[in-house]
Amino acid sequence: MADKIESLQDIKSATKSAEVKVRKPNRDKQGRSYATGKRKDAVARVWVMPGKGNVTINEKSMDAYFARPVLKMIINQPFVVANRENEFDVVCTVKGGGLSGQAGAITHGIAKALNEYDPELRSVLKKAGFLTRDDRVVERKKYGRAKARRSYQFSKR
């Protein structure tokens, strides 16, 4: 059974005995960290390694894969928030969904992989909301309706 705590000294001694868990970097033999990012129907497998800031998506450069500058900005946000721009190379494969969902999945994967590579970045990435999966998905179509909520047009006559 647990010891009874009856005074402030007991509380202090109980808290000192509790060990503080220190997170360790999780890297493979090549010095890479891996994470999976998800958004809508898109799933991204992301590897982060030290480099010059090159981002490769499905064996294409980021400029060739994403034409819209907004999507490129979304992908680079975790590096900007963590103050680690042009320090890491990213290699990822992404499947499913559209381009916007894929960009969100890659962002989520990069943030998780950065957290694995350097656990000290966790608080910064967590505050910015990059480590939380955005679980909003398209609502399914219901029977008797035109779309998820829209009903068919009503005819008086």
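Below is a summary of the structure that appears in this document. (Residues numbered from 1 in each chain as written. Predicted model: local features only at pLDDT ≥ 70, side-chain atom pairs only at ≥ 80, totals over all residues. Heavy atoms only, no water.)

### Section: the packing of aromatic side chains
For step 1, the next point in the chain: Evaluation of the coordinates by the stated rule reveals four aromatic pairs.
For step 2, the next point in the chain: Between Phe 88 and Tyr 117 the ring centres are 5.0 Å apart and the planes differ by 80°, which places this aromatic pair in the edge-to-face class. Here Phe 88 is found in strand β5 (residues 88-95), whereas its partner Tyr 117 is found in helix α4 (residues 99-117), with 29 residues between them in sequence.
For step 3, the next point in the chain: Aromatic rings pair up to connect Phe 79, Phe 88 and Tyr 117 into one cluster.
For step 4, the next point in the chain: Between Arg 27 and the ring centre of Tyr 117, over which it is positioned, the NZ or CZ distance is 3.8 Å. (Phe/Tyr/Trp six-rings, centres within 6.5 Å; stacked < 30°, edge-to-face > 60°. Helix = DSSP H or I, 4+ residues; strand = E, 2+ residues; numbered from the N terminus. Lys NZ or Arg CZ within 6 Å of the ring centre and 35° of its normal.)

### Observations regarding the pairing of β5
For step 1, the next point in the chain: Taken together, the eight bridges between strand β2 (residues 42-50) and β5 define a ladder with antiparallel strand orientation. Paired with Trp 47 across the bridge in β5 is Val 91.
For step 2, the next point in the chain: As judged from the three bridges shared by strand β3 (residues 55-57) and β5, these two strands associate in the parallel manner. In the sheet register, Val 55 faces β5, and the bridge partner there is Val 90. (Pairing = 2+ DSSP bridges.)

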